[in-house]
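# Geometric and topological summary
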Amino acid sequence: MANKLKIALPKGSLQEPTLKLLEKAGYNVYTSDRGLRPSSDDADLDIYMIRAQEIGGYIDSGFLDCGITGLDWAYENRADLVDMAELPYSRATTRPTKWVLVVPENSPIKTVHDLEGKRIATEGMGITERYLEEKGVKADIEFSWGATEVKVPDLVDAIVDVTETGNSIRANNLRIVDTLLTSFPHFYSSKGAYEDEWKRGKMERLVLMLKGALDARDKVGLKMNLPEKSLQEVLDTLPSLRRPTVSQLAEDGWVAVETVIEETVSRKIIPTLKELGAEGIIEYPLNKLVR
Ligand SMILES: Nc1ncnc2c1ncn2[C@@H]1O[C@H](COP(=O)(O)OP(=O)(O)OP(=O)(O)O)[C@@H](O)[C@H]1O
Ligand SMILES: O=P(O)(O)OC[C@H]1O[C@H](OP(=O)(O)OP(=O)(O)O)[C@H](O)[C@@H]1O
Ligand SMILES: [Mg+2]
């Protein structure tokens with residue numbers, strides 16, 4: 001029988017950005033409206049769409065070989081996994097998710113110690129229990145199925161919830177008291193799959209491409225023609241991965257220079273290059289960057 005890698009992808013908040021990342025990495029996953037076993041253009045992959053909360057448990061128990069889920073849920077599940085890579089992407093931004101202790105803006109609660117004997121609602125029971133234990137605070141923690149923001153102050157005194165952009169916190173007039181955990185998605189493998197030569201090789205190549213796609217995200221390629229006399233000055237200022245590539249044009253006194261830079265610096269660098277006599281400057285997006 002052909003080798004197959006059983007891989008879980010997160011259904012929910014992370015589904016769309018995860019599928020986009022896979023596509024950029026070169027793996028097209030074909031989802032349908034209700035289907036939870038999507039096909040893909042890589043016949044080695046056996047894909048399961050599973051809730052992020054449950055992925056760690058199924059990998060730990062060996063039912064699945066690997067998967068992408070948030071560090072937060074792997075921590076919450078106390079899953080024993082091989083952490084193959086942090087994949088720094090999020091739902092709406094490039095910022096990580098934070099689990100935060102939150103109260104209404106006008107609440108008298110200023111620090112976690114003010115929660116002694118109070119009530120807290122959260123989807124992350126384990127995260128919250130371990131945090132309170134560390135702080136030496138005893139409070140009633142109750143499980144929340146979501147829409148947790150609505151529960152303060154009438155149903156509970158505080159909540160522990162996920163925040164990314166901070167929009168939900170602002171929209172509900174809440175205030176952050178403390179941050180419990182910062183989390184990005186990770187690529188996790190089971191110990192068994194990691195020891196299997198074929199599966200490990202397959203996962204390592206997949207991780208390499210995923211990281212390559214993420215690394216290319218904020219970078220651009222830059223290419224230009226330059227009078228040779230300006231070359232040294234340009235080389236002195238132009239960022240690059242190692243050093244820029246310099247090649248000869250089919251015209252004496254001119255060279256072509258090529259490099260990779262952070263997209264954010266390009267608006268500063270391109271006008272400078274122009275002043276130094278560069279022409280035919282082109283900037284292009286990168287699909288992957290493997291260091
Ligand atoms: N707003 C968000 N921005 C970025 N990441 C998020 C956000 N909400 C959740 N995540 C991440 O997605 C994963 C799953 O989150 P969560 O447990 O909230 O489930 P969900 O997929 O959002 O479904 P639900 O609608 O039940 O909340 C977690 O790893 C979490 O860190
Ligand atoms: O800081 P923000 O970018 O606003 O993100 C935070 C929101 O995202 C999550 O909600 P989700 O959509 O998963 O719904 P839920 O409340 O049912 O979990 C989380 O519970 C917050 O409500
Ligand atoms: Mg959620």
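Bear in mind that the values here come from a model prediction, so they are computed numbers and not experimental data.

## Quick notes on the packing of aromatic side chains
In total, this model carries 3 aromatic pairs according to the counting rule given. Aromatic side chains Tyr58 and Phe63 sit 6.5 Å apart centroid to centroid with 65° between the ring planes, which places their arrangement in the edge-to-face category. Tyr58 sits in the partly exposed class, given a relative accessible area of 38%. Taking 5.7 Å as the distance between ring centres and 85° as the angle between the ring planes, the aromatic pair formed by Trp73 and Trp99 counts as edge-to-face. Of this pair, Trp73 sits in helix H3 (residues 71-76) while Trp99 sits in strand S7 (residues 97-104); the two residues are 26 residues apart in sequence, bridging distant segments of the chain. On the accessibility criterion, Trp73 (12% relative accessible area) is buried. For Trp99, a relative accessible area of 1% gives the class buried. One Lys or Arg, Arg130, reaches over the ring of Tyr75 and ends 3.8 Å from the middle of that ring.

## Some points on the UniProt feature "domain: ATP phosphoribosyltransferase catalytic" (unreviewed entry) in the chain
Under the present numbering, the feature "domain: ATP phosphoribosyltransferase catalytic" (unreviewed entry) in UniProt falls on residues 51-211. Annotated as residues 51-211, this span is 32% helix and 30% strand, and its ends, taken at the C-alpha atoms, are 23 Å apart.

## Some points on the site of ligand 2
Around ligand 2 there are 14 residues in total, and Glu149, Glu164, Thr165, Gly166 and Ser168 lie nearest to it. The contact in question runs from an oxygen atom of ligand 2 to an N or O atom on the side chain of Arg91, over 3.1 Å. Contact distances for ligand 2 include 2.7 Å between an oxygen atom and a backbone N or O atom of Glu164. For ligand 2, the protein covers 72% of the area, taking 490 Å² as the surface of the free molecule. The site holding ligand 2 turns out to be the largest pocket. Of all the secondary-structure elements, those providing two or more residues to the shell around ligand 2 are strand S10 (158-163) and helix H5 (167-171). Sort the elements by how many residues they give to the shell around ligand 2 and S10 lands first, with 3 residues.

## Brief notes about the pairing of strand S1 (residues 5-11)
Most of S1 is tucked away: 5 of the 7 residues are buried. The pairing of S1 with strand S5 (residues 66-70) spans 2 bridges and is classified as parallel. Each residue of the ladder has a partner; that of Ile7, found in S5, is Cys66.

## Points about the sheet that holds strand S8 (residues 119-122)
Within the open sheet, the 5 strands sit side by side as S9-S8-S10-S7-S11. Their pairing is mixed. Across the chains shown, the open sheet's two edge strands, defined by having one partner strand only, are strand S9 (140-143) and strand S11 (174-183). Along the sheet, successive strands turn relative to each other by an average axial angle of 25°, direction set aside.

## Re the UniProt feature "domain: Histidine biosynthesis HisG C-terminal" (unreviewed entry) in the chain
The sites that UniProt annotates as "domain: Histidine biosynthesis HisG C-terminal" (unreviewed entry) are residues 216-288. Span residues 216-288 is 27% helix and 40% strand, its end C-alpha atoms 5 Å apart.

## Quick word on the site of ligand 1
Among the 15 residues in the neighbourhood of ligand 1, the closest are listed as Ser13, Arg51, Asp72, Trp73 and Glu164. Arg51 places a polar side-chain atom, nitrogen or oxygen, 2.7 Å from an oxygen atom of ligand 1. With respect to ligand 1, the side chain of Glu164 contributes an N or O atom lying 2.5 Å from a nitrogen atom. Contact with the protein chains removes 81% of the 590 Å² of surface that ligand 1 exposes when unbound. Judged by the proximity of its atoms to the pocket grid, ligand 1 belongs to the largest pocket.

Reading the values: the criteria
Residues numbered from 1 in each chain as written. Chains lettered and ligands numbered in written order. Predicted model: local features only at pLDDT ≥ 70, side-chain atom pairs only at ≥ 80, totals over all residues. Heavy atoms only, no water. Phe/Tyr/Trp six-rings, centres within 6.5 Å; stacked < 30°, edge-to-face > 60°. Buried < 20%, exposed > 50% of the residue type's maximum accessible area, 1.4 Å probe, protein only. Helix = DSSP H or I, 4+ residues; strand = E, 2+ residues; numbered from the N terminus. Lys NZ or Arg CZ within 6 Å of the ring centre and 35° of its normal. UniProt positions renumbered as here; feature names shortened; annotations may be inferred. Near = heavy atom within 4 Å. Polar contact = N/O pair within 3.5 Å; in protein donor to acceptor, adjacent residues only side chain to side chain. Areas by Shrake-Rupley, 256 points an atom, 1.4 Å probe, with all protein chains shown as cover. 1 Å grid on protein atoms, 1.4 Å probe; cavity = no way out; pocket = protein on both sides within 12 Å on 5 of 7 lines; lining within 4 Å. Sits in = over half its atoms within 2 Å of the grid points. Pairing = 2+ DSSP bridges. Axes fitted to C-alpha atoms, helices over the stretch in contact; angles between N-to-C directions.

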